[in-house]
Amino acid sequence: RASLAMMRADSLGPASPSLIIGDVACATVRDDQFSVVRRADSIPDGFLAGKFDFKSLGGGGGKGGDVMGRSTCGAYFVKTLNTTDGGSLLREEFLKEYVARATCGQSLLAKIFAVVDHPTLGRFIVMANCVNPRVKCWSRLYDLKGTADDKTLVEDGAGVVPAHKRFYRLDLMVRECFGCIRDVPIERQRYLRGKREAYDAPIYLTSAQREEVLSAIKNDTALFEKHLLMDYSMIVGIQRVAPGTLGDAIKPHDGDVHGKPYVVHYQGETLILYFGIIDFLQPWNGGKKVAHVIKKCFAPRPISTVNPTKYSAQFNDFFAYKLKGVAFEHVDESVAGLKEEVSRLRRLLGRTSSGATVTASSPAKPESPSLFERLRSTASGVTVAVEQD
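In short, a report on the structure. (Residues numbered from 1 in each chain as written. Predicted model: local features only at pLDDT ≥ 70, side-chain atom pairs only at ≥ 80, totals over all residues. Heavy atoms only, no water.)

As for its position among the elements, Lys 195 is in helix α6 (residues 186–200). For Lys 195, a relative accessible area of 18% puts it in the buried group. Sequence-wise, Lys 195 and Thr 152 are 43 residues apart; in three dimensions their C-alpha atoms are separated by 5.9 Å. In contact with Lys 195, not counting residues within four places along its chain, are Ala 148, Asp 149, Asp 150, Lys 151 and Thr 152. A distance of 2.8 Å separates a polar side-chain atom of Lys 195 from the backbone oxygen of Ala 148. (Helix = DSSP H or I, 4+ residues; strand = E, 2+ residues; numbered from the N terminus. Buried < 20%, exposed > 50% of the residue type's maximum accessible area, 1.4 Å probe, protein only. Contact = heavy atoms within 4.5 Å. Polar contact = N/O pair within 3.5 Å; in protein donor to acceptor, adjacent residues only side chain to side chain.)

Here it is in structure tokens:
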């Protein structure tokens, strides 16, 4: 599968000279590669026509100052591509390996579907929303790096407003240092609580799901380490599902581009989890090396500004500890009940694994079906229905 992905990445895709973003025709950049990602997800070239407004661009909430906006369907983000990130993404060797990794079907990387040049606003990337855009109320939405920069974005359906420390408020810095929250604004308290929870709270998966996610993280971060990239993070969305609504919650829709839903049952609750690695274009450059020295002296541990090899190891170790493989696989109770009934009927009718049901003492089959034959026929029909389900 990986070899096939590399072949697709090495070959020129059906590039489009321009794409309609909202109502603006934007010239594409290296669409011979990004079109491969679109084709792998069966996305047509007109996927954002009439579904985005450049006037909706606003702060992305990160420290880089890049502006971004979301499509009206919620499935895509359009974000400014600055010179530093653009240099990383469009470098030939990395671009081909990224496309191969993003289309292999075993990656958590946020998918980049296009790079476009707006006639007046500059260069943008168009990428997938890693979590399901139809979820109206997230139990939790985390932004995780495995460092002191971890944070909670949504808590029980309500967004957590970033409330950063300011150097001129020395009184608040001292109070927080000694654990005294008196006079600390409520927004700041909630933000701090969310940061601590994001770093400390375990995430529950089944054992098989945990191994799958950790394997994807290991292979994705190996790509970043090879190309000297760091400071990426993992978006984790956790949705609580009401009884009887799981089918609708995970039902696929046309145009879905979000990550794979992981369904688990833990402590009496049914949860759906989504994972996606974002912001992976930051190189280990001079600015980050200077920031490393400063943060090593003053910032709380663990810090994010470390070299790519250490960052990759720190990231993998964090999720190896944070992901707990003790949840149960969710089983549909109606299907489980049918399977139990099939097993009971099979035992009753003396069915064997080979399908033999008639014993030596069985009477000759009458012309009209006997009760025994009717039961056997019913059991066979139920068996087929359950297996198809």
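Another aspect to go through is the sheet that holds strand β9 (residues 151–155). Across the sheet, seven strands lie side by side as β10-β9-β8-β13-β15-β14-β18; this open sheet has antiparallel pairing. The open sheet has two edge strands, β10 (158–159) and β18 (328–329), and neither has a second partner. Pairing of β9 with β10, which is carried by two bridges, proceeds in the antiparallel orientation. Within β10, the position partnered with Val 154 by the bridge is Gly 159. Its contacts with the sheet place α6 against β8 (140–144), β9 and β10, and it is angled at close to 110° to β9. Lying on the sheet, helix α7 (residues 207–226) is in contact with β13 (233–241), β14 (262–266) and β15 (269–278); it crosses β14 at an angle near 135°. (Pairing = 2+ DSSP bridges. Axes fitted to C-alpha atoms, helices over the stretch in contact; angles between N-to-C directions.)

On to the packing of helix α2 (residues 31–40) against helix α4 (residues 92–102), then. Between α2 and α4, whose axes approach to 10 Å, the crossing angle comes to 10°. It follows from the interaxial angle that α2 and α4 lie roughly parallel. Here α2 contributes Gln 33, Phe 34, Val 36 and Val 37 to the contact with α4, which in turn contributes Leu 95, Lys 96 and Val 99. A per-class count over the contact of α2 with α4 returns five nonpolar, one polar and one charged. (Parallel < 35°, antiparallel > 145°, perpendicular 65-115°, else oblique. Nonpolar A, V, L, I, M, F, W, Y, C, P; charged D, E, K, R; others polar.)

Once that is clear, we can look at the packing of aromatic side chains. If you walk through the whole model with that rule in mind, you get 18 aromatic pairs. Ring geometry for Tyr 204 versus Tyr 266: centroids 3.9 Å apart, planes at 15°, classification stacked. One end of the pair, Tyr 204, is in strand β11 (residues 203–204); the other, Tyr 266, is in strand β14, and 62 residues separate them in sequence. In this arrangement the basic side chain of Lys 324 is found over the ring face of Tyr 321, its NZ or CZ atom lying 3.9 Å from the centre. (Phe/Tyr/Trp six-rings, centres within 6.5 Å; stacked < 30°, edge-to-face > 60°. Lys NZ or Arg CZ within 6 Å of the ring centre and 35° of its normal.)

The next thing to look at is the sheet that holds strand β1 (residues 18–21). Pairing between the strands of a sheet is mediated by backbone hydrogen bonds and can be parallel or antiparallel. Strand order in the open sheet formed by seven strands is β1-β2-β6-β7-β5-β4-β3, with antiparallel pairing between adjacent strands. Looking at which strands have only one partner, the edges of the open sheet turn out to be β1 and β3 (58–59). Of the strands in this sheet, β1, β2 (24–28) and β6 (112–118) touch α2, which is tilted by about 140° from β6.

Once that is clear, we can look at the pattern of salt bridges. Tallied over the entire structure, the rule returns 23 salt bridges. The partner of Lys 226 in a salt bridge is Glu 97, and the shortest N-O contact between them spans 2.8 Å. With Lys 226 in helix α7 and Glu 97 in helix α4, the pair connects residues that are 129 residues apart, well separated along the chain. With a closest N to O distance of 2.7 Å, Arg 123 and Asp 117 form a salt bridge. For Asp 117, a relative accessible area of 27% puts it in the partly exposed group. Salt bridges here are not isolated pairs; linked through shared partners, they connect Arg 140, Asp 156, Glu 197, Arg 240 and Glu 269. (Salt bridge = Lys/Arg side-chain N within 4 Å of Asp/Glu carboxyl O.)

It is worth spelling out the nonpolar core at this point. The nonpolar side chains of soluble globular proteins are, as a tendency, buried together. Formed by 88 residues in total, the largest nonpolar core has its most connected members in Leu 89, Phe 275 and Phe 280. The element contributing the most residues to this core is β15, with seven residues. (Core = buried A, V, L, I, M, F, W, Y, C linked by side-chain atoms within 4.5 Å.)

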